[in-house]
Amino acid sequence: QLACPLDLGCHSVQDKEMAVELNFDDSVQLAINCLQTVLSVDFKPAELEVGVVKMDSPKFTTLSEAEIEQHLIALAERD
């Protein structure tokens, strides 16, 4: 389940995208895309903080700006 601050309508975006099970990269990109869509903002890596907990390593970590940038690039290439 993706966390969405203040319930900004992410659930409707999430429900449309959750027809299949997602891998880690797709999950992170869905979360970022959800925020970008609902807030109508194109984020820069320094403007986001992405926290993750993986099933195989149940420890909360945050992605680096370089990792976030890779996900933003992947999202841009999809469009």
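Rules behind the numbers
- Along every chain, residues carry numbers that run from 1 in the direction the sequence is written.
- Totals for whole chains, interfaces and linings use all residues, but because this is a predicted model, local features are given only for residues with pLDDT of at least 70 and pairs of side-chain atoms are given and counted only at 80 or more.
- Hydrogens and waters are ignored; side-chain quantities use all the structure's heavy atoms.
- By nonpolar core we mean a set of buried residues, namely Ala, Val, Leu, Ile, Met, Phe, Trp, Tyr and Cys, connected to one another through side-chain atoms within 4.5 Å.
- Buried residues are those whose accessible area, probed at 1.4 Å on protein chains only, stays under 20% of the maximum for their type, while exposed residues exceed 50% and partly exposed ones sit between those limits.
- Helix and strand assignments follow DSSP, with helices taken as H or I runs no shorter than four residues and strands as E runs no shorter than two, numbered in order from the N terminus.
- It only takes one pair of heavy atoms within 4.5 Å for two residues to be counted as in contact.

Colleague: For this particular structure, what's the right way to read the nonpolar core?
Modeller: For soluble globular proteins, nonpolar side chains are generally found buried alongside one another. If you look at the biggest cluster of nonpolar residues, it comprises ten residues: V28, I32, F43, L48, V50, V52, L63, I68, L72 and L75. Mapped onto this core, the elements with two or more residues apiece are α2 (24–39) and α3 (65–78). Ranked by residues supplied to this core, first place goes to α3 with three residues. Sequence-distant contacts of L63, that is, excluding residues within four places in its chain, are made with F24, V28, V50, V52, I68 and H71.

Colleague: Sorry, what's going on with the environment of Q29 here?
Modeller: If you trace the backbone, Q29 turns up in helix α2. Considering only alpha carbons, one finds Q29 and Q70, 41 residues apart in sequence, at a separation of 9.7 Å. Each residue touching Q29, except ones within four places of it in the same chain, is listed here: H71, A74, L75 and R78.

Colleague: I'm lost on the side chain of H71 in this one. Help?
Modeller: Note that H71 resides in helix α3. Judged by its relative accessible area of 7%, H71 is buried. In contact with H71, other than residues within four places in its own chain, are D25, V28, Q29, I32 and L63.

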